[in-house]
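Secondary and tertiary structure notes
In case you want the letters, here they are:
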Amino acid sequence: MKPGRLGVGIIGAGRVGPVLGAALAGAGHAIVGIDATGADAVERAEAILPGVLLLDAPTIVERAELVLLAVPTAELAGLVSGLAATGAWQPGQIVVHTAAEHGVDVLRPAAERGAIPIALHPAMSFTGTSIDLARLVEATVAVTAPGPVLPIGQALAVEMGAEPIVVDEADRPAYAEAVAAAGEFAAGVVAQALRQLAEIGVERPARVLGGVVRSAVEAALAKHPDPPLEP
């Protein structure tokens, strides 16, 4: 099942929202607007989505067929329930969030008003620039959704350029913990190594470590191939 051409509204202009919006626009969907708060967010949104309309959250929900919630995890539940309290969510509207920790239960207030809840988490670190669009091609997206609409979530991930993997609702916290641990460990080790090289006067330490880090990660992943799926 593939979603048709949709009007996409984005709430949140951090590093993730504008990039995923650009990926969906590249797949033929129309961006109806983005809710961007702060000068940096506005600049980022306009750089990645030239000409995008800057709208508030209620207007985006009113106009969009697919609402992408790319906000900090701590703000997600309050945003969804707050919009539900005003009667903003619409029957048949697709509502997608990008938080690693949550499945679709956090979207229940929208679902109770007829919206279609989907959780999509790209397993990658975002820079908030167009570079991320190329990186999406090598990334996976964790998809959680009710069975009948799971193919829509998978199709959206493919349209973004990534590979969808299905993660059950109950497994989202463990998934999030694993992804965060890998990212934080890698970032910490690289930061320490960069400092050590800089302290001994090595020029362009990032270039020195780039090849080492990429080859080491690839070698480690090759030693632990994906286990066969259970029948």
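Everything that follows concerns the structure shown earlier in this document.
No experiment lies behind these values; they were computed from the predicted model shown.

**Points about the overall build of the protein chain**
A count of helices and strands for the protein chain gives nine helices and seven strands. The C-alpha atoms of the protein chain give 19 Å as radius of gyration, which agrees with the globular expectation for 231 residues (17 Å, within 12%). With the C-alpha coordinates aligned to their principal axes, the bounding extent of the protein chain is approximately 60 × 50 × 30 Å. Across the 231 residues in the protein chain, those meeting the buried criterion constitute 42%. Restricting to contacts in the protein chain with at least 6 residues of sequence separation, those with at least 24 account for 58%. About 12300 Å² of surface is accessible on the protein chain, with carbon and sulfur atoms providing 58% of the total. Treating the 14 positive side-chain charges of the protein chain as one cloud and the 25 negative ones as another, the clouds have centres 6 Å apart.

**Looking at the packing of helix H1 (residues 17–26) against helix H2 (residues 39–48)**
In contact at an axis separation of 9 Å, H1 and H2 are set at 15° when each is read in the N-to-C sense. Here H1 is positioned roughly parallel relative to H2, judged by the angle of their axes. Like other packed secondary-structure pairs, H1 and H2 cross with a definite hand, here right-handed. Each of Pro18, Val19 and Ala22 in H1 lies in contact with H2, whose residues at this interface are Arg44, Ala45 and Ile48. The class makeup of the residues in the contact of H1 with H2 is five nonpolar, no polar and one charged.

**Describing H2**
The set of residues buried in H2 consists of Ala41, Ala45 and Ile48. Considered in projection along H2, the buried side chains sweep an arc of 80° and stay on one side of the axis. The outward face of H2, more than 90 degrees from its buried face, is lined by the exposed residues Ala39, Asp40, Glu43 and Ala47. Along its buried surface, H2 packs onto H1 and strand E2 (30–35).

**Side note on the nonpolar core**
Counting 36 residues, the largest nonpolar core has Ile34, Leu66, Ile94, Val96, Ile118, Leu120 and Leu156 as its most contacted members. Those elements that place two or more of their residues in this core are strand E1 (7–11), H1, H2, strand E3 (66–69), strand E4 (94–97), strand E5 (116–122), strand E6 (140–144) and helix H7 (150–159). Considering each element in turn, this core owes the most residues, five residues, to H1. Ile11, Ala99, Leu107 and Ala115 belong to the second-largest nonpolar core, a separate cluster that totals 23 residues.

**Some remarks on the pattern of salt bridges**
Scanning all chains against the criterion turns up one salt bridge. A salt bridge links arginine 108 to aspartate 105, with the nearest nitrogen and oxygen atoms 2.3 Å apart.

**Focus: the pairing of E2**
Sheet analysis places E1 next to E2, joined by five bridges and oriented parallel. Bridging from a neighbouring strand, isoleucine 11 pairs with aspartate 35 of E2. Read from E1 through H1 to E2, the crossover connection turns out right-handed.

**Some words on the sheet that holds E4**
Across the sheet, seven strands lie side by side as E2-E1-E3-E4-E5-E6-E7; this open sheet has mixed pairing. Pairing within the sheet leaves two strands with one partner each, and these edge strands are E2 and strand E7 (163–166). Taking the axes of each pair of neighbouring strands and ignoring which way they run, one obtains an average angle of 25° across the sheet. In terms of strand pairing, E6 meets E7 through four bridges, oriented parallel. Its bridge partner being in E7, valine 143 is matched across the sheet by valine 166.

**What about helix H8 (residues 172–199)?**
In this model, H8 (28 residues) spans 41 Å end to end at C-alpha, consistent with the 40 Å of a helix rising 1.5 Å per residue. Regarding H8, the residues found buried are Arg172, Tyr175, Ala176 and Leu197. Of the residues one or two after H8, glycine 201 is the one with positive phi, at around 85°.

Rules and cut-offs
- Residues numbered from 1 in each chain as written.
- Predicted model: local features only at pLDDT ≥ 70, side-chain atom pairs only at ≥ 80, totals over all residues.
- Heavy atoms only, no water.
- Helix = DSSP H or I, 4+ residues; strand = E, 2+ residues; numbered from the N terminus.
- Rg over C-alpha atoms; globule rule 2.2 N^0.38 Å.
- Buried < 20%, exposed > 50% of the residue type's maximum accessible area, 1.4 Å probe, protein only.
- Contact = heavy atoms within 4.5 Å.
- Areas by Shrake-Rupley, 256 points an atom, 1.4 Å probe, with all protein chains shown as cover.
- Lys, Arg positive; Asp, Glu negative; His and termini not counted.
- Charge placed at Lys NZ, Arg CZ, Asp CG, Glu CD.
- Axes fitted to C-alpha atoms, helices over the stretch in contact; angles between N-to-C directions.
- Parallel < 35°, antiparallel > 145°, perpendicular 65-115°, else oblique.
- Left-handed = near helix turned anticlockwise from the far one by under 90°.
- Nonpolar A, V, L, I, M, F, W, Y, C, P; charged D, E, K, R; others polar.
- Arc of directions from axis to C-beta.
- Core = buried A, V, L, I, M, F, W, Y, C linked by side-chain atoms within 4.5 Å.
- Salt bridge = Lys/Arg side-chain N within 4 Å of Asp/Glu carboxyl O.
- Pairing = 2+ DSSP bridges.
- Right-handed = clockwise from strand over helix to strand, strands pointing away.
- Expected span 1.5 Å × (residues − 1).

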